[in-house]
Amino acid sequence: NIAWAYAVADIDAPPLFNDRFINKCVEKKDGFVIKDLSQLHQWHLWQTKEKFNSGLPVDLQERCFNAFISDEPTVSKLQDDVVAQLSNIGLDPKEEVLMGSGYRIDVLVEVNGKTIGVEVDGPHHFIGKGRSPLARTILKRRQVPPIDGIELVSV
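Parameters at a glance
- Residues numbered from 1 in each chain as written.
- Predicted model: local features only at pLDDT ≥ 70, side-chain atom pairs only at ≥ 80, totals over all residues.
- Heavy atoms only, no water.
- Helix = DSSP H or I, 4+ residues; strand = E, 2+ residues; numbered from the N terminus.
- Buried < 20%, exposed > 50% of the residue type's maximum accessible area, 1.4 Å probe, protein only.
- Contact = heavy atoms within 4.5 Å.
- Areas by Shrake-Rupley, 256 points an atom, 1.4 Å probe, with all protein chains shown as cover.
- Lys, Arg positive; Asp, Glu negative; His and termini not counted.
- Charge placed at Lys NZ, Arg CZ, Asp CG, Glu CD.
- Core = buried A, V, L, I, M, F, W, Y, C linked by side-chain atoms within 4.5 Å.
- Axes fitted to C-alpha atoms, helices over the stretch in contact; angles between N-to-C directions.
- Parallel < 35°, antiparallel > 145°, perpendicular 65-115°, else oblique.
- Left-handed = near helix turned anticlockwise from the far one by under 90°.
- Nonpolar A, V, L, I, M, F, W, Y, C, P; charged D, E, K, R; others polar.

Moving on, we get to the overall build of the chain. Scanning the chain for helices and strands turns up six helices and four strands. Counting helices and strands in the order they occur from the N terminus, the chain gives α-α-α-α-α-β-β-β-α-β. Once the C-alpha set of the chain is aligned to its principal axes, its extents read approximately 55 × 35 × 25 Å. A buried classification covers 38% of the 155 residues belonging to the chain. Partitioning the contacts of the chain with sequence separation of at least 6, the portion at a separation of at least 24 is 56%. Just so you have it, the chain exposes about 8900 Å², and 55% of that area is on carbon and sulfur atoms. The centroid of the 18 positive side-chain charges in the chain is displaced by 6 Å from the centroid of its 22 negative side-chain charges.

Below, the discussion takes up the nonpolar core. Taken as a class, soluble globular proteins show a tendency for nonpolar side chains to be buried jointly. Counting residues in each nonpolar core, the largest one holds 27 residues, and the members touching the most others are Phe21, Leu40, Trp43 and Leu56. The set of elements that each furnish at least two residues to this core consists of helix H1 (2–9), helix H2 (19–27), helix H3 (34–50), helix H4 (58–69), strand S2 (104–111) and helix H6 (135–148). The element best represented in this core is H3, accounting for five residues. Apart from residues no more than four positions distant in its own chain, Phe21 is found in contact with Ala3, Leu16, Leu40 and Trp43. In terms of nonpolar packing, the next biggest core, distinct from the first, is built from eight residues, Val82, Val83, Leu86 and Val109 among them.

The N-to-C vectors of H1 and H6 enclose an angle of 55°; their axes lie 9 Å apart at closest approach. In terms of orientation, H1 lies oblique with respect to H6. As for the relative orientation of H1 and H6, their crossing is left-handed in sense. Between H1 and H6, the contacting residues are Trp4, Ala7 and Val8 on the first element and Ala135, Arg136, Ile138, Leu139 and Arg142 on the second. The residue inventory of the contact of H1 with H6, partitioned by class, reads six nonpolar, no polar and two charged.

With that settled, consider the packing of H3 against H6. Put simply, H3 and H6 touch, their axes get as near as 11 Å, and they point 40° apart. When the axes of H3 and H6 are compared, the pair comes out oblique. The two elements H3 and H6 cross, and the hand of that crossing is left-handed. In this structure, H3 contributes Gln42, Leu45, Trp46, Lys49 and Glu50 to the contact, and H6 contributes Arg136, Leu139, Arg142, Gln143 and Ile147. Residue classes in the contact of H3 with H6 are distributed as four nonpolar, two polar and four charged.

Right, here's the structure in full:
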């Protein structure tokens, strides 16, 4: 999905993402699989919340949002350990919280009246064995704080 790649790279391209592009998305909406719709949701967030451009029509937005949130979360042993430690220090962690943006936050805690999202970024969030985050991780880290109004911490 080229549009998604532009969103990840944060390169605005109004000549590409115009009414014609939106109309083509609407025309082809029945041909999109869940991954396409999910990436289109992230592109829509980028256009409307980060670039303040127009986005997808409401019916397609809803379809993309529903595809995006349809993925069932999996909780790792590392996440269980992080939650246990947060509980041990007196916090009340909430796991796999669905935010208004459609992103799920691994753990949400309140510290001194401030809501903080904790992302337990194990190896599946990075390219190969390195520390370069995957595109989906880059987008989440960039989109969640301004859209959902929380600080995001990666552990």
